[in-house]
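Here's the letter readout for the chains.
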Amino acid sequence: MMVEHERFEDFLESIPDGLPEYLADLEIQSIKDNVPIIRKGSQHLIRFMLELKKPLNILEVGTATGFSSLFMLEFLDKKAKITTIEKMEERALKAEENFKKIDKNRQITLIKGDAIEVLDELVSKGNTYDFIFMDAAKGQYINFFNNIKKLLLPNGIFITDNMLQEGRLLDSRYTVVRRDRTIHARMREYVKLLLSDKDLKTMLLEAGDGMAVSVKK
Ligand SMILES: C[S@@+](CC[C@H](N)C(=O)[O-])C[C@H]1O[C@@H](n2cnc3c(N)ncnc32)[C@H](O)[C@@H]1O
């Protein structure tokens, strides 16, 4: 199955996606610099969901150097706004530089800080979003979840990336090496939480490194 999945990703890679040159360059540079960015399968899904939903207020947890924010911007209305959160100073600085160069209409706002605190602040300000993309530290997804639910509007879309941990999530915990067991347990707990939540409808997909698409009722 994983072989088929990899072949599917390779297949997607081989199809011209019409991304502007600056994004293709940023993608190549990020891969070279070992900055983890959304894979082609994830890009495919996000692009499709944005075109379907046409959200106006987007929240992203995990900016890295800004590739996915700028990618999303390509498929959004000029009135749409993206708020994106990054805790690593060096990456946030690079993202800021990239946004300054490319986001001429200032549609993207970068918040530097740990999402655990930033999400609290956004909730206390009464902010709401119709599209949330979570792509940060997998072990913390559970801790972000309650605030994400508060921030998401009814009918809003919530996408979680890196659900499958390169397939390890599907393995039995007994075959997972000791150092990966905590994250494995936390991700399984997160999947259960998502799928059993009464306020959301969630679908798990193999796209990218495994994505969950949730809709708030
Ligand atoms: C997979 S990368 C994001 C990639 C980006 N979305 C893209 O595709 O271009 C995950 C990022 O989340 C950041 N991160 C991890 N935990 C975080 C937290 N608690 N608060 C804010 N950022 C966090 C990491 O520093 C890292 O840059």
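Heads up: the structure comes first, above all this text.
These numbers were taken from a predicted model, which means no experiment stands behind them.

In terms of nonpolar packing, the biggest core is built from 33 residues, with Ile46, Phe67, Phe71, Met72, Phe131, Phe133 and Ile159 touching the most fellow members. Counting residues per element, the ones that place at least two in this core are α2 (21-32), α3 (40-53), α4 (67-73), α5 (89-102), β3 (108-112), β4 (129-134), β5 (152-160) and β7 (211-216). If you tally residues by element for this core, the top one is α4, at five residues. Among residues more than four places away in sequence, those in contact with phenylalanine 67 are Leu19, Leu23, Leu26, Glu27, Ile37, Ile38 and Gln43. In this structure, Val61, Leu151, Met187 and Ala212 belong to the second largest nonpolar core, which totals 24 residues.

What follows deals with the pattern of salt bridges. A complete count under the given rule lists seven salt bridges for this structure. Residues lysine 40 and glutamate 27 are paired through a salt bridge, measuring 3.1 Å at the closest nitrogen-oxygen approach. Of the two residues, lysine 40 sits in helix α3 while glutamate 27 sits in helix α2, which places them 13 residues apart along the sequence. Residues lysine 40 and glutamate 27 agree in their burial class; the two are buried. For lysine 79, the salt bridge is made with aspartate 77, and the minimal N-O distance between the two is 3.8 Å. Each member of the salt-bridge network shares a partner with another, and the members are Asp17, Glu27 and Lys40.

A word on the site of the ligand. Inspection of the region around the ligand gives 22 residues, with Gly62, Ser68, Glu86, Arg91 and Ala115 positioned closest. In this structure, a nitrogen atom belonging to the ligand sits 2.9 Å away from a side-chain N or O atom of aspartate 114. At 2.8 Å, a backbone N or O of alanine 115 approaches a nitrogen atom of the ligand. Contact with the protein chains covers 94% of the free accessible surface of the ligand, which is 600 Å². Cavity membership is defined here by more than half of the atoms lying within 2 Å of grid points; on that basis the ligand lies in the largest pocket. Contributing elements (two or more residues each) for the shell around the ligand: α4 and β2 (81-86). In terms of residue class, the shell around the ligand is made up of 11 nonpolar, five polar and six charged.

Bringing the packing of aromatic side chains into the picture now. The relation between two aromatic rings is expressed through the spacing of the ring centres and the mutual angle of the planes. The tally for this structure, following the rule as stated, stands at four aromatic pairs. Here the aromatic rings of phenylalanine 67 and phenylalanine 71 are separated by 6.1 Å at their centres, their planes lie at 25°, and the arrangement is stacked. Here phenylalanine 67 and its partner phenylalanine 71 are both found in helix α4, four residues apart, which amounts to about one turn of the helix. We classify phenylalanine 67 as buried; its relative accessible area is 1%. Pairing phenylalanine 71 with phenylalanine 75 gives two aromatic rings, centres 5.1 Å apart and planes at 65°, and the pair type is edge-to-face. Owing to a relative accessible area of 2%, phenylalanine 71 belongs among the buried residues under this scheme. A residue is classified by how much of its surface remains accessible, and phenylalanine 75, at 15% relative accessible area, is buried. Connected via pairs of aromatic rings, a cluster forms that spans Phe67, Phe71 and Phe75.

What counts, and at which threshold
Residues numbered from 1 in each chain as written. Predicted model: local features only at pLDDT ≥ 70, side-chain atom pairs only at ≥ 80, totals over all residues. Heavy atoms only, no water. Core = buried A, V, L, I, M, F, W, Y, C linked by side-chain atoms within 4.5 Å. Buried < 20%, exposed > 50% of the residue type's maximum accessible area, 1.4 Å probe, protein only. Helix = DSSP H or I, 4+ residues; strand = E, 2+ residues; numbered from the N terminus. Contact = heavy atoms within 4.5 Å. Salt bridge = Lys/Arg side-chain N within 4 Å of Asp/Glu carboxyl O. Near = heavy atom within 4 Å. Polar contact = N/O pair within 3.5 Å; in protein donor to acceptor, adjacent residues only side chain to side chain. Areas by Shrake-Rupley, 256 points an atom, 1.4 Å probe, with all protein chains shown as cover. 1 Å grid on protein atoms, 1.4 Å probe; cavity = no way out; pocket = protein on both sides within 12 Å on 5 of 7 lines; lining within 4 Å. Sits in = over half its atoms within 2 Å of the grid points. Nonpolar A, V, L, I, M, F, W, Y, C, P; charged D, E, K, R; others polar. Phe/Tyr/Trp six-rings, centres within 6.5 Å; stacked < 30°, edge-to-face > 60°.

Geometric descriptors of this kind do not, in isolation, establish any biological role.
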